[in-house]
Amino acid sequence: MIENISKFLIELGSGFAFVGKQVEISVGNQSYFIDLLFYHIKLKRYVVIELKTGHFEPEFAGKLNFYVTAVDKQLRDENDNATVGMIICKDKNEIVAEYSLTDLHKPLGISSYELKKILPENLKSHLPSIEEVENELKKLQQ
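Visitor: Quick question: what am I supposed to make of the overall build of the chain here?
Guide: Scanning the chain from N- to C-terminus turns up six helices and five strands. For the chain, the succession of helices and strands along the chain, N to C, is α-β-β-β-α-β-α-β-α-α-α. The burial tally for the chain puts 46% of its 142 residues in the buried class. Counting contacts in the chain only where the partners sit at least 6 residues apart, residues at least 24 apart contribute 54% of the total. As displayed, the chain offers around 8100 Å² of accessible surface, 50% of which is attributable to carbon and sulfur atoms.

Rendered as structure tokens:
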């Protein structure tokens, strides 16, 4: 397992530190579990990744937004930049994905289409594309 995680981190690029999988975060006396949590050392920010095996649903954006806010409020300190969130799902309807992210003001991405459209330019060069993350996750599942 450690070998697979190490390989995955190397593929993501320099600067990524694996924080954990199924990371528990408590909000309002309830526990929630973030699929994957990373910290990017160069960007000084957490990266929340939610994995979905099916088609993208609009409620996924709300859940990711919730997790990004929870990480910002509970884990991020004054030296960290705002958390980034990514949803990796089987596929998506581009219009549904666009509507789901409209008016959300956090850097969130849904597959490569939305990630490239809404992440600021200064983050794109430091974060892997959704395709790169998906390919590495597929390799880990084999």
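Once the structure has been displayed, the description carries forward.
Visitor: Help me out: how do you make sense of the pairing of strand β3 (residues 45-51) in this one?
Guide: Side chains on a regular strand alternate between the two faces of the sheet. The buried fraction of β3 amounts to six of the seven residues, a majority that puts the element mostly inside the structure. Looking at chain direction, strand β2 (residues 30-40) and β3 are connected through five bridges and run antiparallel. Bridged to L36 within β3 is I49. Two successive antiparallel strands, β2 and β3, enclose a turn made up of four residues, where K44 displays a positive phi of approximately 55 degrees. As judged from the five bridges shared by β3 and strand β4 (residues 84-88), these two strands associate in the parallel manner. By the bridge assignment for β4, L51 is matched with I88. Read from β3 through helix α2 (residues 58-74) to β4, the crossover connection turns out right-handed.

Visitor: So what exactly am I meant to see when it comes to helix α3 (residues 94-101) here?
Guide: Side chains that are three or four residues apart share a direction in an α-helix, a result of its 3.6 residues per turn. Within α3, burial applies to A97, S100 and L101. The arc that holds the buried residues of α3, viewed along the axis, is 90 degrees, so those residues lie on one side. Exposed and oriented more than 90 degrees from the buried face of α3 are I95 and Y99. D103 sits one or two residues past α3 and shows a positive phi near 75 degrees.

Visitor: Sorry if this is basic, but what is going on with the environment of E59 here?
Guide: Among the secondary structure elements, E59 is positioned in helix α2. Measuring from C-alpha to C-alpha, the distance between E59 and S100 comes to 7.9 Å, with 41 residues separating the pair along the chain.

Visitor: Can you walk me through the pattern of salt bridges in this structure?
Guide: Side chains bearing opposite charge may pair, as long as their charged atoms lie close to each other. As enumerated under the stated definition, the model contains two salt bridges in all. Note that E50 and K52 form a salt bridge whose closest N and O atoms lie 3.6 Å from each other. K52 matches E50 in its accessibility class, with the two residues each being buried. Across the pair D72 and R76 runs a salt bridge, and its minimum N-O distance is 3.5 Å. Residue D72 is classed as buried on the basis of its relative accessible area, which comes to 15%.

Definitions and limits used
- Along each chain, residue indices are assigned from 1 in the same order as the chain's sequence is written.
- A pLDDT threshold of at least 70 governs which residues receive local features in this predicted model, and a stricter bar of 80 or more applies before side-chain atom pairs are shown or counted, although totals over entire chains, interfaces and linings include all residues.
- Computation of side-chain values: all heavy atoms of the structure, hydrogens and water removed.
- Each helix is a run of DSSP H or I of at least 4 residues and each strand a run of E of at least 2, with the numbering of both proceeding from the N terminus.
- Burial classes follow relative accessibility: with a 1.4 Å probe on protein chains only, a residue under 20% of its type's maximum area counts as buried, one over 50% as exposed, and anything between as partly exposed.
- By the convention used here, residues are in contact when the closest approach between their heavy atoms is within 4.5 Å.
- Only the protein chains shown count as cover for residues, with accessible areas throughout obtained via the Shrake-Rupley method and a probe of 1.4 Å.
- At least two DSSP bridges between two strands are needed for those strands to be called paired.
- If you view a crossover with the strands going away from you and the path from the first strand over the helix to the second runs clockwise, you call it right-handed.
- Comment: arc refers to directions from the helix axis out to C-beta atoms.
- In what follows, salt bridge is the name for a side-chain nitrogen of Lys or Arg lying within 4 Å of a carboxyl oxygen of Asp or Glu.

Worth remembering: the numbers are spatial, not functional.
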